[in-house]
Each structure stands twice: as C-alpha cells, then as structure tokens.
Amino acid sequence: MAVLNEELRAELIAMREEDLRVRKELVDRGELGGSYVPAMEAVHIKNAARLRELIAQLGWPAEDIAGKDGAEAAWLVAQHAIGEPDFQKDVLRLLRECAASGRTPEWQAAYLEDRIAMYEGRPQRYGSQWLDDPRDGRLRPWTLAEPERVNELRASVGLGPLPPIPERGPDLPEDQRRAIEENVQWWLGWLSSKGWKK
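Scoring rules and cut-offs
Residues numbered from 1 in each chain as written. Predicted model: local features only at pLDDT ≥ 70, side-chain atom pairs only at ≥ 80, totals over all residues. Heavy atoms only, no water. Phe/Tyr/Trp six-rings, centres within 6.5 Å; stacked < 30°, edge-to-face > 60°. Lys NZ or Arg CZ within 6 Å of the ring centre and 35° of its normal. Axes fitted to C-alpha atoms, helices over the stretch in contact; angles between N-to-C directions. Helix = DSSP H or I, 4+ residues; strand = E, 2+ residues; numbered from the N terminus. Left-handed = near helix turned anticlockwise from the far one by under 90°. Contact = heavy atoms within 4.5 Å. Nonpolar A, V, L, I, M, F, W, Y, C, P; charged D, E, K, R; others polar. Buried < 20%, exposed > 50% of the residue type's maximum accessible area, 1.4 Å probe, protein only. Salt bridge = Lys/Arg side-chain N within 4 Å of Asp/Glu carboxyl O. Expected span 1.5 Å × (residues − 1). Bend = angle between axes of the 7 residues up to and from the residue. Parallel < 35°, antiparallel > 145°, perpendicular 65-115°, else oblique.

Attention now moves to the packing of aromatic side chains. Evaluation of the coordinates by the stated rule reveals nine aromatic pairs. Measuring from ring centre to ring centre gives 5.1 Å for W186 and W187, while their planes differ by 85°; the resulting arrangement is edge-to-face. Members of the aromatic cluster, connected to one another through ring pairs, are Y36, W186, W187 and W190. Positioned above the aromatic ring of F87, the side-chain terminus of R52 is 4.6 Å from the ring centre.

In structure tokens:
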C-alpha cells in the first residue's frame, strides 16, 4: 500500500500555484489570449521539467502518494506542457494506467487525450477543449469525434454533460475576425515547431 508523500504533494501544489499566479497576473494585465507569452511558457517548461524528474523517481504522482490535490496539480502541470508532445503522450499512458487501477480519476486522462487530439488535428472524444470561433468570437468545442455520444463518453469518465454550445451569433467585425484567425495561425505554427503533427 502506498504512503502519502506530503513533501511531494506540497511541491506539486506549489507548482500549480505558480502556474495559476502567473496566469492571473497576465490576465490582469491583458497580456493573455494571443500568442504564447514567454513568462507563461517559462513556467510551463520549468514545471514540466520538474514533473519529469519526479516521475522518473517515483512514477506518476497519483492520489495514493500525492493526495487528491497533489495528483490534480500534477495533471495540470502535464496538461499545460503544451510544447512537449512526447511528454504529454507519455503522461497520458501513465494516467490511463493509474485510472485503470483506481489511482487517479478517469477525467484527467480524458482531458489530456482531448488536448493531444486537438493539437494533432484529430477530433476529440470528451469535448473538454474549446476555442474561439472566428466567425462570431464565441467559445465552441473543438471538433467532436462522436457528437451524438459525447455525453455518454463524458459520463463514462466522471464528467458532467457537455455545456451548451452557443448559438451562432452575429459575425464579428472583419478586424476582430482576422485577429482570431491570425492568432490561430500563430498557434498552429508554434505547435508544429514543437513537433505536433497534423
């Protein structure tokens, strides 16, 4: 039986808190929402590097060794390691193994699976990844693999029903639409430069 590692738990929570603190500062300054802000990227790179070290030493920090909040913090760090496709795929495998043995909730693997699918240009299964629609600026889910079964799939991993998808709104002014499209193109180029294959 695993023993809760309080030092590990505290370190993971501190990593998550640093991520959320920097994110909030950037949001408050109006700097988040376009290309990848270097300060945010630096936190994600640093946290992923440390999580990789912890995994090499201890395996995936599941709930039985990191506590519920520590394990969720580890998942968030991995979910935000968007510049590291191989690492995210390795973590997905570990999360699936831990979920199969009841050591992590299944929704964590579902979120990461959807994120990887989106970055690879594939439809997502669980509807966890949403993007700004350049036509009207409203958030909508990335392409769903099985729209008619999405709520069944979500329930199978402990997620509630898909939030309502907004009706089509009025078209954005041309400059706002172009800004969203340019942002999408920037991200596609950046993701490709990091090894994500579409």
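Attention now goes to the packing of helix α1 (residues 6–28) against helix α3 (residues 63–79). Contact geometry for α1 and α3: axes closest at 8 Å, N-to-C directions at 35°. For α1 against α3, the interelement crossing comes out left-handed. Here α1 contributes L8, R9, L12, I13, M15, R16 and L20 to the contact with α3, which in turn contributes I65, A66, D69, G70, A73, A74, L76 and V77. Looking at the contact of α1 with α3 residue by residue, the classes come out as 11 nonpolar, one polar and three charged.

The next thing to look at is the side chain of Q108. Looking at the secondary structure, you find Q108 in helix α5 (residues 106–119). Exposure remark for Q108: the relative accessible area of 0% places this residue in the buried category. Not counting the four nearest positions on each side in its chain, Q108 is found in contact with A71, E72, W75 and L95.

Turning our attention to the pattern of salt bridges. For the coordinates displayed, the defined rule picks out 25 salt bridges. For D171, the salt bridge identified is with R168, shortest N-O distance 2.4 Å. Two residues, R177 and E181, come together in a salt bridge whose shortest N-O distance is 2.5 Å. In this pair, R177 and E181 are both assigned in helix α7 (residues 174–193), four residues apart and thus about one turn of the helix distant. For R177, a relative accessible area of 23% translates into the label partly exposed. One connected set of salt bridges, linked through shared partners, spans D133, R135, D136 and R140.

What follows is about α3. End to end, α3 covers just 17 Å across 17 residues, shorter than the expected 24 Å (1.5 Å per residue, more than 12% under). Residue D69 marks the point of greatest curvature in α3, where the axis turns by about 80°. Counting buried positions along α3 gives 12 out of 17 residues, so the element sits mostly inside the fold. If you check which residues of α3 are buried, you get I65, A66, G67, G70, A71, A73, A74, W75, L76, V77, A78 and Q79.

Contact geometry of α3 with helix α4 (residues 85–100) gives a least axis separation of 10 Å together with a crossing angle of 150°. Judged on the interaxial angle alone, α4 and α3 are roughly antiparallel. Viewed along their axes, α3 and α4 form a crossing whose handedness is left-handed. Here W75, A78 and Q79 of α3 lie close against α4, whose contacting residues are F87, Q88, V91 and L95. For the contact of α3 with α4, the per-class residue count stands at five nonpolar, two polar and no charged.

Secondary-structure assignment places D86 in helix α4. The spacing of D86 and G195 is 109 residues in sequence and 8.6 Å in space, taken between C-alpha atoms.

So, to be careful, I would describe these as geometric facts and stop short of saying anything about function.
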